[in-house]
Amino acid sequence: MPSLKVGLATTAVYLMGVAIGMAITVRVYDTAYGTPIMISHFWLTELLLVLLLLFVIRRFFGFRAAGFGPMNWPALIWFLPAFVTLAMVLGRVVPTVMAGDLQLEQMRLLAAIAFTTFLVGFSEEVMFRGILLRGALARLSVIQAMFLSAVAFSLLHLVNLAGGLPLAAAIYQLAFTFIVGFFLAPLALRLGNLWPLIIWHWLWDLALFSGDYLGANQPLILTGLLIQAVIALGMWSTEMRRSASA
């Protein structure tokens, strides 16, 4: 049975796990936070977090109650602009990969990045748009639950300080990720299924980290963020009207 208590407790353990994993990865491998090499070494932490979340789902929620219910296909229209932006961002990376000029070690690193970013996309969506959001709905209103999900997702990125991220950059990340969480929370409820969010999250992170490694500039990132903010305002206003008329 979904509950706010379980959602908050799982969030606390998840944040602690990310912070510990971040610190260990940076110090053991002597890599800077956010670099492709650091991300490629973070897979074990993410795998353990995925196993934790699967345990919580099996023990307390069930997959349907945790956000893996029937898909509301028409609601994907709200996600379409974000996927279009994603396609353009990937378009800056794919030609370099397909050119065939990469060395074996480079291909291995890209494969490790792809694997790790998939685990990140899965664990973060299940944690914040699945377990926490659905658990919060057991005690809070829809608006309150979505806001809690967005804030918690934003605060997650404070743990990047444990990886050596400068404070100013961490504050920027807080704002950036709050907008992303503000966009994804109502979308998760409208879709009824987390897989589109997981896939988008995975490919977005993959494009950013692999693009950084390959030297592909991504000028559309802020454009994508603005699009998300505008769409999010539309979804939130609709939810607020529904709450007011209920």
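Residues numbered from 1 in each chain as written. Predicted model: local features only at pLDDT ≥ 70, side-chain atom pairs only at ≥ 80, totals over all residues. Heavy atoms only, no water.

(A) Geometry of helix α9 (residues 195-214). The end-to-end C-alpha distance of α9, which contains 20 residues, comes to 28 Å, matching closely the 28 Å that a straight helix rising 1.5 Å per residue would cover. At the C-terminal side of α9, Gly-215 shows a positive phi close to 80°. (Helix = DSSP H or I, 4+ residues; strand = E, 2+ residues; numbered from the N terminus. Expected span 1.5 Å × (residues − 1).)

(B) Representation of the packing of aromatic side chains in the model. One pass over the structure, following the stated rule, counts 17 aromatic pairs. When the centroid spacing of 6.4 Å and the interplanar angle of 35° are considered together, the rings of Phe-118 and Phe-122 count as tilted. Residue Phe-118 and its partner Phe-122 are located together in helix α6 (residues 104-136), separated by four residues, close to a single helical turn. Take Phe-118: its relative accessible area is 28%, and that puts it in the partly exposed class. Residue classification places Phe-122 among the buried residues on the basis of a relative accessible area of 10%. Between the aromatic rings of Tyr-172 and Phe-176, the centroid separation amounts to 6.2 Å while the plane-to-plane angle is 40°, which identifies the pairing as tilted. (Phe/Tyr/Trp six-rings, centres within 6.5 Å; stacked < 30°, edge-to-face > 60°. Buried < 20%, exposed > 50% of the residue type's maximum accessible area, 1.4 Å probe, protein only.)

(C) Representation of the side chain of Asn-160. Mapped onto the elements, Asn-160 comes out in the loop between α7 (142-156) and α8 (167-191). Ignoring anything within four residues of it in the chain, the contact list for Asn-160 reads Met-22, Tyr-33, Leu-165 and Gln-173. (Contact = heavy atoms within 4.5 Å.)

(D) The environment of Glu-125, seen in detail. Note that Glu-125 resides in helix α6. The sequence separation of Glu-125 and Leu-148 amounts to 23 residues, and the corresponding C-alpha distance is 14 Å. Excluding its chain neighbours within four sequence positions, the residues that come into contact with Glu-125 are Gly-130, Leu-184, Leu-194, Leu-197, Ile-198 and His-201. Polar side-chain contacts of Glu-125 include one of 2.7 Å to the side chain of Arg-129. (Polar contact = N/O pair within 3.5 Å; in protein donor to acceptor, adjacent residues only side chain to side chain.)

(E) Main features of the nonpolar core. Ranked by internal contacts, the top residues of the largest apolar core, which has 67 residues, are Phe-79, Val-126 and Phe-183. Top contributing element to this core by residue count: α6, with 12 residues. Beyond its immediate stretch of four places on either side in the chain, Phe-183 contacts Trp-78, Phe-79, Ala-82, Gln-228, Ile-231, Ala-232 and Met-235. (Core = buried A, V, L, I, M, F, W, Y, C linked by side-chain atoms within 4.5 Å.)

(F) Seen up close, the pattern of salt bridges. Taken as a whole and assessed by the stated rule, the structure comprises three salt bridges. For Arg-129, the salt bridge is made with Glu-125, and the minimal N-O distance between the two is 2.7 Å. Linking Arg-129 with Glu-125, this pair stays in helix α6, spanning four residues, or about one helical turn. Here Arg-129 matches Glu-125 in class, with each residue buried. The partner of Arg-242 in a salt bridge is Glu-239, with the nearest N and O atoms 3.2 Å apart. Linking Arg-242 with Glu-239, this pair stays in helix α10 (residues 221-245), spanning three residues, or about one helical turn. Residue classification places Arg-242 among the partly exposed positions, given a relative accessible area of 48%. Taking relative accessible area as the criterion, Glu-239 reaches 9% and is therefore assigned buried. (Salt bridge = Lys/Arg side-chain N within 4 Å of Asp/Glu carboxyl O.)

(G) Summary view of α8. The terminal C-alpha atoms of α8 lie 35 Å apart, and with 25 residues this matches the ideal 36 Å at 1.5 Å per residue to within 8%. Phi turns positive, to about 80°, at Gly-192, one or two residues after α8.

(H) Up close: the packing of helix α1 (residues 4-29) against α6. In the contact formed by α1 and α6, the axes pass within 7 Å of each other and the chain directions differ by 155°. The angle between α1 and α6 falls in the class roughly antiparallel. With respect to the hand of their crossing, α1 and α6 are arranged in left-handed fashion. Contact residues: α1 offers Leu-4, Gly-7, Leu-8, Thr-10, Thr-11, Tyr-14 and Leu-15, while α6 offers Ser-123, Glu-124, Met-127, Phe-128, Ile-131, Leu-132, Gly-135 and Ala-136. (Axes fitted to C-alpha atoms, helices over the stretch in contact; angles between N-to-C directions. Parallel < 35°, antiparallel > 145°, perpendicular 65-115°, else oblique. Left-handed = near helix turned anticlockwise from the far one by under 90°.)

(I) Spatial organisation of a nonpolar patch on the surface. A surface patch of nonpolar side chains, about 520 Å² in accessible area, is lined by Met-16, Ile-20, Ile-24, Val-28 and Tyr-29. Judged by its relative accessible area of 54%, Met-16 is exposed. (Patch = residues over 30% accessible without salt bridge, like charges linked within 9 Å, V, L, I, M, F, W, Y side chains within 5 Å. Areas by Shrake-Rupley, 256 points an atom, 1.4 Å probe, with all protein chains shown as cover.)

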